[in-house]
Amino acid sequence: MDQLEMLNRMLFLKINATQDTAAWAIGGAKVIADDLVYAIPALLSIYWLWGCKAKRSLGLQACFTALLGLGINQLVGLAWQHPRPFMIGLGHTWIPHVADSSFPSDHMTVFMCIGISLLFGDEVMGGVFMLATGFAVAWSRIFLGVHMPLDMLGSISVACHSYALMSVIWWRIGNTVTTFIEMLYRIIMALPIARGVIRN
């Protein structure tokens, strides 16, 4: 075992909940780990349904950046399988999870991709909120025993690379993609748009 992996495991054991951890702390972490992900579609829906075209385009860019990040994660997982803590009998596991590669974390990747996209798209409050929420989710998933600390650092790297690549792509096709999806949206949501419930 190399020194980096030893450090990874040592940090995991310092964060991971034990049998002596209070039930309320574990319960709270479960809510953070499983439920805060719904903040992403909620925020992006607000941008789309009530935002201007620029905000809609930024929201779409963030979504495509996250999808790219998840695709990169799949390739990394295929190239290098890293076991989750419970797969090697390390620490305690408090939520069920499939026994697949832990590196990088999909949850953290999505939050980071969305947060970075919003932050650099001048939606500072939304970006900071997503990044802060992502770090809370990352901590909770280590605390509950399904991820290692370096899984989260790997996700940050993937998110940064995904954003850089998608920014170049979006500069070329973003307006066309946004216009096309807006057209479909106006057809599907014609009634609430006509009633003024949501933005045209």
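Note that this is a predicted model, so its numbers are computed, not measured. By convention here, each chain's residues receive numbers from 1 onward along its written sequence. Totals for whole chains, interfaces and linings use every residue, but because this is a predicted model, local features are given only for residues with pLDDT of at least 70 and side-chain atom pairs only at 80 or more, for both listing and counting. Excluded from the side-chain calculations are hydrogens and water; all other atoms, namely the structure's heavy atoms, are used.

Peer 1: Would you mind going over the environment of Val 137 with me for this structure?
Peer 2: With respect to the helices and strands, Val 137 occurs in helix H6 (residues 124-143). Partly exposed describes any residue whose relative accessible area lies between the buried limit of under 20% and the exposed limit of over 50%, with all areas from a 1.4 Å probe on protein chains only and scaled to the type maximum. Val 137 sits in the buried class, given a relative accessible area of 2%. Along the sequence, Val 137 and Leu 36 sit 101 residues apart, while their C-alpha atoms lie 7.3 Å from each other. In this analysis, two residues are considered to be in contact whenever any of their non-hydrogen atoms come within 4.5 Å of each other. Those residues in contact with Val 137, other than ones at most four positions away along the chain, are Ile 32, Ala 33, Leu 36, His 107 and Phe 111. Each helix is a run of DSSP H or I of at least 4 residues and each strand a run of E of at least 2, with the numbering of both proceeding from the N terminus.

Peer 1: Is there a simple way to think about H6 in this case?
Peer 2: For an α-helix, 3.6 residues make a turn, and residues three or four places apart therefore share a direction. Expected span of a helix, by definition, is 1.5 Å for each gap between consecutive residues, and there is one gap fewer than residues. The terminal C-alpha atoms of H6, which comprises 20 residues, lie 28 Å apart, in line with the 28 Å expected from a rise of 1.5 Å per residue. Turning to H6, its buried residues are Gly 126, Gly 127, Met 130, Leu 131, Thr 133, Gly 134, Val 137, Ala 138, Ser 140, Arg 141, Ile 142 and Phe 143. For H6, the secondary structure elements touched by its buried residues are helix H1 (3-15), helix H2 (23-35), helix H3 (39-50), helix H5 (106-120) and helix H7 (149-188). Just downstream of H6, Gly 145 is the residue with a positive phi angle, here 90 degrees.

Peer 1: Whenever I open this one, the layout of surface pockets confuses me. Can you help?
Peer 2: Where empty space is left becomes clear once a probe the size of a water molecule has been rolled over the atoms. A 1.4 Å probe that fits but cannot get out identifies a cavity on a 1 Å grid over protein atoms alone, an open set with protein on both sides within 12 Å along at least five of seven lines counts as a pocket, and a residue lines either if it has an atom within 4 Å of a point. Grid points are joined across faces, edges and corners, and a volume is the space filled by probe spheres set on the points. Taken as a whole, the largest pocket holds about 250 Å³ of empty space. Around the largest pocket sit 17 residues that line it, and Gln 74, Arg 84, Asp 100, Ser 101 and Asp 106 are the ones nearest its centre. Contributions of two or more residues to the lining of the largest pocket are made by helix H4 (53-79) and H5. Considering each element in turn, the lining of the largest pocket owes the most residues, four residues, to H4. A class-by-class count of the residues in the lining of the largest pocket yields three nonpolar, ten polar and four charged. Under the convention adopted here, Pro, Cys and the residues Ala, Val, Leu, Ile, Met, Phe, Trp and Tyr are nonpolar, Asp, Glu, Lys and Arg are charged, and Gly plus all remaining residues are polar.

Peer 1: Whenever I open this one, the pattern of salt bridges confuses me. Can you help?
Peer 2: Opposite charge on two side chains permits them to pair, given that their charged atoms come into close proximity. By convention in these notes, a salt bridge is any Lys or Arg side-chain nitrogen within 4 Å of a carboxyl oxygen on Asp or Glu. One pass over the full model with this rule turns up seven salt bridges. Linking Glu 182 and Arg 56 is a salt bridge whose minimum nitrogen-to-oxygen distance equals 2.9 Å. Of this pair, Glu 182 sits in helix H7 while Arg 56 is found in helix H4, placing the two residues 126 residues apart along the sequence. Comparing Glu 182 with Arg 56, the two get one shared label, buried. Within this structure, Lys 53, Arg 56, Glu 182 and Arg 186 form a network of salt bridges that share partners.

Peer 1: Quick question: what am I supposed to make of the packing of aromatic side chains here?
Peer 2: Note on aromatic pairs: each is described by the distance of the centres and the angle between the planes. Two aromatic rings, drawn from Phe, Tyr or Trp (for Trp, its six-membered ring), form a pair once their centres lie within 6.5 Å of each other, and the interplanar angle then sorts them: stacked below 30 degrees, edge-to-face above 60, tilted otherwise. For the coordinates displayed, the defined rule picks out five aromatic pairs. When the ring of Trp 48 is compared with that of Tyr 185, the centres are 5.5 Å apart and the planes differ by 85 degrees; the resulting orientation is edge-to-face. In this pair, Trp 48 is assigned in helix H3 and Tyr 185 in helix H7, connecting sequence segments 137 residues apart. Note on Trp 48: relative accessible area 13%, which makes it buried. A ring has a charge above it when a Lys NZ or an Arg CZ is no more than 6 Å from the ring centre and no more than 35 degrees off the ring normal. Against the face of Trp 48 rests Arg 56, its NZ or CZ located 5.0 Å from the ring centre.

These figures come from the coordinates and say nothing about function on their own.
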